[in-house]
Amino acid sequence: MFLWFHRLLRGIAFAVALLIGVGIVSTATPAIAGHDHDDALQAVRDGEIRPLAEILNIVRDKLPGEVIRTELERKDGKWIYELRVADREGHLFDVHVDARSGEIKRTKKK
């Protein structure tokens, strides 16, 4: 019984590592659409945007589920974090958050 359980845990750990490796489960670093990471880092240093960790702390209780993907875009001169959120029933939502203030600008069910 123990050997079966050990193999199961190893399989799960491998699957999670694979998903993180291809970027499906990662929210630590946002993908940056149309910009490189240096632009985003400079925007944080200049106070134009808040780091993703701060944004997630601000909006966590207002989201309809768990964040499964993030992107950072500049639209009409403003930085926007786009969060893909999955609820418990498996519904997906795109949530747009002002990258400076942390204010949720739009939530749209996919």
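The structure reproduced in this document is the subject of the present report. Nothing here was measured: the structure is a model prediction, and the numbers come from that model.

**Focus on the overall build of the chain**
Secondary structure summary: the chain contains three helices and five strands in total. Reading the secondary structure of the chain in the N-to-C direction produces α-β-α-α-β-β-β-β. Residues classed as buried in the chain amount to 29% of the 110 residues present.

**Observations regarding the nonpolar core**
Judged by nonpolar contacts, the single largest core of 18 residues is most densely connected at Y81 and L83. Listed by contribution, the elements that provide at least two residues to this core are α2 (37-45), α3 (52-59), β2 (66-75), β3 (78-86) and β4 (92-98).

**A word on the pairing of β4**
The side chains of a regular strand alternate between both faces of the sheet. Of all seven residues in β4, six are buried; the element is thus mostly enclosed. In the sheet, β3 pairs with β4 via seven bridges, with the strands oriented antiparallel. Each bridged residue has a counterpart across the sheet, and for R84 the counterpart in β4 is D94. Pairing analysis gives five bridges linking β4 to strand β5 (residues 104-109), with the strands arranged antiparallel. Directly across from V95, in β5, lies its bridge partner T107. Hairpin connection, β4 to β5: the antiparallel pair is bridged by five residues, and G102 has positive phi, about 85°.

**With respect to unusual backbone geometry**
The phi dihedral of D76 is positive, around 50°, even though this residue is not glycine. By the secondary structure assignment, D76 is in the loop between β2 and β3.

**Overview of the pairing of β2**
Of the strand pairs in this sheet, β2 and β3 are connected by nine bridges, and their pairing is antiparallel. Its bridge partner being in β3, K75 is matched across the sheet by K78. Taking the residues between adjacent antiparallel strands as the criterion, β2 and β3 are bridged by two residues, where D76 takes a positive phi near 50°.

**Structural notes on α3**
Those residues of α3 that fall on the buried side of the exposure criterion are L52, I55, L56 and V59. Down the axis of α3, the smallest arc covering the buried residues is 100°, so these residues share one side. Facing away from the buried surface of α3 by more than 90 degrees, the exposed residues are A53 and N57. Buried residues belonging to α3 abut β2, β3, β4 and β5.

**Here's the deal with the pattern of salt bridges**
Following the criterion strictly, the structure yields seven salt bridges and no others. Residue R74 pairs with E48 through a salt bridge whose shortest N-O separation is 3.5 Å. Of this pair, R74 sits in strand β2 while E48 sits in the loop between α2 and α3; the two residues are 26 residues apart in sequence, bridging distant segments of the chain. Residue E48 is classed as partly exposed on the basis of its relative accessible area of 24%. Of the charged contacts in the structure, one is a salt bridge between E71 and R69, with a shortest N-O distance of 3.5 Å. In the salt-bridge network here, residues are joined through shared partners; they are E73, K75 and E82.

The rules we used
- Residues numbered from 1 in each chain as written.
- Predicted model: local features only at pLDDT ≥ 70, side-chain atom pairs only at ≥ 80, totals over all residues.
- Heavy atoms only, no water.
- Helix = DSSP H or I, 4+ residues; strand = E, 2+ residues; numbered from the N terminus.
- Buried < 20%, exposed > 50% of the residue type's maximum accessible area, 1.4 Å probe, protein only.
- Core = buried A, V, L, I, M, F, W, Y, C linked by side-chain atoms within 4.5 Å.
- Pairing = 2+ DSSP bridges.
- Arc of directions from axis to C-beta.
- Contact = heavy atoms within 4.5 Å.
- Salt bridge = Lys/Arg side-chain N within 4 Å of Asp/Glu carboxyl O.

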